[in-house]
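Residue-level structure breakdown
Spelled out, the chains give:
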Amino acid sequence: MNVIELQGVSVRYRDKRIRSLKEAVIRSLTAHQKTGYVYSLHDVSTTIRHGEAVGIIGANGAGKSTLLRVAAGIIRPSEGVAIRRGAIAPVLELGTGFEAELSGRENIYFNGALLGFSRSFMRSRLDEIIAFAGLEPVIDVPLRTYSTGMIARLAFAVATAIDAQTLLLDEILAVGDAAFQVHCQARIARFVSSGATIVLVSHDLATIETMCSRALWLAHGRIVADGPAAEVVALYGASTSSS
(Lines give C-alpha, C1' and ligand atoms only; values in the text may rest on other atoms or scores of the structure.)
Protein backbone atom coordinates (compact mmCIF):
# COMPACT_ATOMS: atom_id res chain seq x y z
CA MET A 1 0.00 0.00 0.00
CA ASN A 2 1.22 3.50 -0.82
CA VAL A 3 1.16 5.78 2.24
CA ILE A 4 2.30 8.85 0.27
CA GLU A 5 1.63 9.59 -3.39
CA LEU A 6 2.82 12.71 -5.20
CA GLN A 7 1.40 13.15 -8.69
CA GLY A 8 2.90 15.95 -10.78
CA VAL A 9 3.48 18.09 -7.68
CA SER A 10 4.90 21.59 -8.07
CA VAL A 11 5.33 24.23 -5.38
CA ARG A 12 5.97 27.77 -6.57
CA TYR A 13 6.38 31.12 -4.89
CA ARG A 14 6.22 34.65 -6.21
CA ASP A 15 9.69 35.91 -7.04
CA LYS A 16 9.86 39.29 -5.32
CA ARG A 17 13.62 39.69 -5.58
CA ILE A 18 14.80 42.96 -7.11
CA ARG A 19 17.93 42.44 -9.17
CA SER A 20 18.69 46.01 -10.24
CA LEU A 21 17.91 49.66 -9.57
CA LYS A 22 16.12 49.82 -12.93
CA GLU A 23 13.81 46.96 -11.91
CA ALA A 24 13.08 48.66 -8.58
CA VAL A 25 12.05 51.88 -10.35
CA ILE A 26 9.84 49.99 -12.83
CA ARG A 27 8.09 48.11 -10.02
CA SER A 28 7.47 51.31 -8.08
CA LEU A 29 5.92 52.98 -11.13
CA THR A 30 3.91 50.01 -12.36
CA ALA A 31 1.31 48.95 -9.84
CA HIS A 32 0.32 45.89 -11.82
CA GLN A 33 3.81 44.76 -12.69
CA LYS A 34 3.72 40.99 -13.20
CA THR A 35 5.90 38.99 -10.85
CA GLY A 36 7.63 35.79 -11.92
CA TYR A 37 7.64 32.54 -9.98
CA VAL A 38 10.34 30.47 -8.34
CA TYR A 39 9.75 26.72 -8.12
CA SER A 40 10.76 24.85 -4.99
CA LEU A 41 9.39 21.59 -6.48
CA HIS A 42 8.69 21.09 -10.16
CA ASP A 43 6.53 18.27 -11.52
CA VAL A 44 7.53 15.71 -8.89
CA SER A 45 5.88 12.30 -9.01
CA THR A 46 6.79 9.52 -6.58
CA THR A 47 5.25 7.04 -4.16
CA ILE A 48 6.31 5.91 -0.70
CA ARG A 49 5.14 2.41 0.14
CA HIS A 50 4.17 1.17 3.59
CA GLY A 51 7.21 -0.17 5.45
CA GLU A 52 9.82 1.60 3.33
CA ALA A 53 12.78 3.54 4.73
CA VAL A 54 13.44 6.28 2.18
CA GLY A 55 16.23 8.84 2.31
CA ILE A 56 16.09 12.18 0.51
CA ILE A 57 19.40 13.78 -0.49
CA GLY A 58 20.53 16.80 -2.46
CA ALA A 59 22.20 20.17 -2.10
CA ASN A 60 20.77 23.02 -0.05
CA GLY A 61 17.78 24.51 -1.87
CA ALA A 62 17.11 21.32 -3.83
CA GLY A 63 13.54 21.04 -2.49
CA LYS A 64 14.05 18.31 0.11
CA SER A 65 12.33 20.04 3.02
CA THR A 66 9.54 21.30 0.75
CA LEU A 67 8.85 17.73 -0.36
CA LEU A 68 8.56 16.63 3.29
CA ARG A 69 6.17 19.49 4.04
CA VAL A 70 3.98 18.55 1.12
CA ALA A 71 4.03 14.92 2.30
CA ALA A 72 3.06 16.08 5.81
CA GLY A 73 0.20 18.22 4.53
CA ILE A 74 1.80 21.44 5.80
CA ILE A 75 2.23 22.88 2.29
CA ARG A 76 -0.42 22.53 -0.41
CA PRO A 77 0.94 21.95 -3.91
CA SER A 78 0.60 24.80 -6.40
CA GLU A 79 0.01 22.11 -9.01
CA GLY A 80 -0.57 18.37 -8.85
CA VAL A 81 -1.94 16.11 -6.14
CA ALA A 82 -0.53 14.89 -2.82
CA ILE A 83 -2.24 11.87 -1.23
CA ARG A 84 -1.54 10.72 2.35
CA ARG A 85 -2.82 7.61 4.10
CA GLY A 86 -2.64 6.75 7.80
CA ALA A 87 -1.17 8.65 10.74
CA ILE A 88 1.85 10.73 9.75
CA ALA A 89 4.17 12.32 12.34
CA PRO A 90 6.53 15.00 11.03
CA VAL A 91 9.68 16.15 12.82
CA LEU A 92 10.58 19.10 10.62
CA GLU A 93 12.34 22.38 11.29
CA LEU A 94 12.88 23.12 14.95
CA GLY A 95 9.87 24.84 16.48
CA THR A 96 7.30 23.49 14.03
CA GLY A 97 4.24 22.54 16.06
CA PHE A 98 5.49 24.19 19.25
CA GLU A 99 4.78 27.46 21.06
CA ALA A 100 7.69 29.30 22.68
CA GLU A 101 5.69 30.66 25.62
CA LEU A 102 4.24 27.27 26.61
CA SER A 103 6.16 24.89 28.85
CA GLY A 104 7.65 21.67 27.54
CA ARG A 105 4.81 19.71 29.15
CA GLU A 106 2.14 21.96 27.60
CA ASN A 107 3.85 21.68 24.24
CA ILE A 108 3.59 17.89 24.37
CA TYR A 109 -0.20 18.18 24.57
CA PHE A 110 -0.25 21.00 22.01
CA ASN A 111 1.86 19.12 19.47
CA GLY A 112 -0.18 15.96 20.03
CA ALA A 113 -3.40 17.87 19.33
CA LEU A 114 -1.93 19.20 16.06
CA LEU A 115 -1.17 15.61 15.08
CA GLY A 116 -4.76 14.58 15.87
CA PHE A 117 -4.31 12.87 19.24
CA SER A 118 -6.47 13.50 22.31
CA ARG A 119 -5.24 14.93 25.59
CA SER A 120 -5.94 11.66 27.38
CA PHE A 121 -3.87 9.73 24.83
CA MET A 122 -0.95 12.14 25.17
CA ARG A 123 -1.23 11.90 28.96
CA SER A 124 -0.80 8.13 28.68
CA ARG A 125 2.49 8.68 26.81
CA LEU A 126 3.66 11.69 28.81
CA ASP A 127 6.17 9.96 31.11
CA GLU A 128 7.72 8.05 28.20
CA ILE A 129 8.10 11.23 26.15
CA ILE A 130 9.69 13.21 28.97
CA ALA A 131 12.06 10.38 29.88
CA PHE A 132 13.22 9.84 26.29
CA ALA A 133 13.80 13.56 25.78
CA GLY A 134 15.72 13.71 29.08
CA LEU A 135 14.01 16.97 30.03
CA GLU A 136 12.64 16.13 33.49
CA PRO A 137 14.29 19.11 35.25
CA VAL A 138 12.98 21.70 32.76
CA ILE A 139 9.74 20.19 31.48
CA ASP A 140 7.64 22.87 33.19
CA VAL A 141 9.59 25.94 32.06
CA PRO A 142 8.84 27.87 28.82
CA LEU A 143 10.14 26.41 25.60
CA ARG A 144 11.86 29.71 24.74
CA THR A 145 14.47 28.87 27.38
CA TYR A 146 15.36 25.57 25.67
CA SER A 147 18.41 25.07 23.47
CA THR A 148 17.97 23.85 19.89
CA GLY A 149 19.14 20.41 21.00
CA MET A 150 16.52 20.26 23.76
CA ILE A 151 13.76 21.27 21.33
CA ALA A 152 14.93 18.59 18.89
CA ARG A 153 14.83 15.95 21.62
CA LEU A 154 11.31 16.96 22.61
CA ALA A 155 10.05 17.00 19.01
CA PHE A 156 11.53 13.59 18.25
CA ALA A 157 10.25 12.10 21.50
CA VAL A 158 6.68 13.24 20.77
CA ALA A 159 6.68 12.06 17.16
CA THR A 160 8.04 8.61 17.97
CA ALA A 161 5.79 7.97 20.97
CA ILE A 162 2.42 8.18 19.20
CA ASP A 163 2.52 5.00 17.09
CA ALA A 164 2.41 6.88 13.79
CA GLN A 165 2.47 4.72 10.69
CA THR A 166 4.77 7.15 8.87
CA LEU A 167 7.59 9.22 10.34
CA LEU A 168 8.97 12.24 8.42
CA LEU A 169 12.37 13.44 9.67
CA ASP A 170 14.18 16.56 8.46
CA GLU A 171 17.84 16.67 9.55
CA ILE A 172 16.88 15.53 13.05
CA LEU A 173 20.18 13.67 13.43
CA ALA A 174 22.16 16.86 12.73
CA VAL A 175 21.23 18.43 16.08
CA GLY A 176 21.73 17.34 19.64
CA ASP A 177 24.68 15.59 21.22
CA ALA A 178 26.16 12.22 20.31
CA ALA A 179 24.16 10.37 22.95
CA PHE A 180 20.89 11.79 21.61
CA GLN A 181 21.82 10.80 18.07
CA VAL A 182 22.47 7.23 19.21
CA HIS A 183 19.04 7.16 20.89
CA CYS A 184 17.43 8.52 17.70
CA GLN A 185 19.10 5.95 15.49
CA ALA A 186 18.07 3.11 17.80
CA ARG A 187 14.46 4.27 17.85
CA ILE A 188 14.36 4.79 14.07
CA ALA A 189 15.76 1.27 13.62
CA ARG A 190 12.98 -0.02 15.90
CA PHE A 191 10.38 1.77 13.78
CA VAL A 192 11.82 0.28 10.60
CA SER A 193 11.90 -3.25 12.04
CA SER A 194 8.28 -2.89 13.18
CA GLY A 195 7.16 -2.17 9.62
CA ALA A 196 6.61 1.59 9.97
CA THR A 197 7.46 3.95 7.13
CA ILE A 198 10.40 6.34 7.50
CA VAL A 199 11.24 9.28 5.22
CA LEU A 200 14.53 10.89 6.22
CA VAL A 201 16.16 14.07 4.88
CA SER A 202 19.86 14.22 5.69
CA HIS A 203 23.16 15.54 4.36
CA ASP A 204 24.86 12.60 6.09
CA LEU A 205 25.16 10.15 3.20
CA ALA A 206 26.48 7.37 5.46
CA THR A 207 23.32 7.61 7.57
CA ILE A 208 21.11 7.46 4.47
CA GLU A 209 22.98 4.43 3.15
CA THR A 210 22.89 2.65 6.53
CA MET A 211 19.32 3.36 7.59
CA CYS A 212 17.45 3.54 4.26
CA SER A 213 16.79 0.92 1.61
CA ARG A 214 15.82 3.52 -1.01
CA ALA A 215 16.87 7.08 -1.76
CA LEU A 216 15.65 10.04 -3.80
CA TRP A 217 18.15 12.57 -5.13
CA LEU A 218 16.64 16.02 -5.68
CA ALA A 219 18.20 18.89 -7.62
CA HIS A 220 16.53 22.21 -8.45
CA GLY A 221 13.16 20.86 -7.33
CA ARG A 222 13.24 17.77 -9.53
CA ILE A 223 14.00 14.09 -8.89
CA VAL A 224 17.35 13.24 -10.49
CA ALA A 225 17.55 9.63 -9.30
CA ASP A 226 15.33 7.18 -7.40
CA GLY A 227 16.51 3.72 -6.47
CA PRO A 228 18.47 1.59 -3.98
CA ALA A 229 20.07 3.86 -1.39
CA ALA A 230 23.65 2.70 -2.01
CA GLU A 231 23.36 3.33 -5.76
CA VAL A 232 21.75 6.77 -5.46
CA VAL A 233 24.23 7.86 -2.77
CA ALA A 234 27.11 6.77 -5.02
CA LEU A 235 25.72 8.74 -7.96
CA TYR A 236 25.23 11.84 -5.83
CA GLY A 237 28.65 11.51 -4.25
CA ALA A 238 30.27 11.21 -7.67
CA SER A 239 28.46 14.32 -8.92
CA THR A 240 29.53 16.45 -5.95
CA SER A 241 33.15 15.31 -6.08
CA SER A 242 33.45 16.11 -9.79
CA SER A 243 31.85 19.56 -9.58
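Look a little higher up for the structure.
These notes cover the structure that comes with them. Here the structure is a predicted model, which means the values were calculated and not measured.

1. Examining the sheet that holds strand S7 (residues 197-201)
- One open sheet holds the 6 strands; their spatial order is S5-S6-S7-S3-S8-S9, and the pairing between them is mixed. Of all the strands in the sheet, the pair left with one neighbour each is strand S5 (88-91) and strand S9 (222-228). Here the average twist between neighbouring strands, direction ignored, is 15°.
- Pairing analysis gives 4 bridges linking S5 to strand S6 (residues 166-170), with the strands arranged parallel.

2. Let's talk about helix H4 (residues 119-133)
- At Arg125, H4 is deflected by roughly 50°, the largest bend along its length.
- Buried residues along H4 sit in contact with helix H3 (104-114), helix H5 (148-159) and helix H6 (178-193).
- Within two residues after H4, Gly134 carries a phi angle of roughly 65°, on the positive side.

3. Focus on the nonpolar core
- In terms of nonpolar packing, the biggest core is built from 50 residues, with Ile108, Leu154 and Leu169 touching the most fellow members.
- In this structure, Leu169 is in contact with Leu68, Val91, Phe156, Ile188, Ile198, Val199, Leu200 and Val201, ignoring residues within four places of it in sequence.
- With 24 residues, the next largest nonpolar core counts Ile4, Leu6, Val11 and Val44 among its residues.

4. A word on the sheet that holds strand S1 (residues 2-14)
- On the basis of which strands lie adjacent, the open sheet formed by 3 strands has the order S2-S1-S4 and antiparallel pairing. Edge positions in the sheet fall to strand S2 (37-49) and strand S4 (79-84), since each has one partner strand and no second. Each strand axis lies, on average, 20° off the axis of its neighbour in the sheet, ignoring direction.
- By the bridge criterion, 9 bridges tie S1 to S2 in an arrangement that is antiparallel. Its bridge partner lying in S2, Ile4 is registered against Ile48.
- Set on the sheet, helix H2 (residues 64-72) makes contact with S1, S2 and S4; between it and S1 the angle comes to about 120°.

5. A word on the pairing of strand S8 (residues 214-219)
- Counting buried positions over the 6 residues of S8 gives 5, a clear majority of the element.
- Sheet topology places strand S3 (residues 53-57) next to S8; 4 bridges connect them, and they run parallel. Note that in S8 the partner of Val54 across the bridge is Arg214.
- In sequence, S8 turns back onto S9 through a hairpin of 2 residues, with His220 there showing a positive phi of about 55°.

Definitions and limits used
Residues numbered from 1 in each chain as written. Predicted model: local features only at pLDDT ≥ 70, side-chain atom pairs only at ≥ 80, totals over all residues. Heavy atoms only, no water. Pairing = 2+ DSSP bridges. Helix = DSSP H or I, 4+ residues; strand = E, 2+ residues; numbered from the N terminus. Axes fitted to C-alpha atoms, helices over the stretch in contact; angles between N-to-C directions. Bend = angle between axes of the 7 residues up to and from the residue. Contact = heavy atoms within 4.5 Å. Core = buried A, V, L, I, M, F, W, Y, C linked by side-chain atoms within 4.5 Å. Buried < 20%, exposed > 50% of the residue type's maximum accessible area, 1.4 Å probe, protein only.

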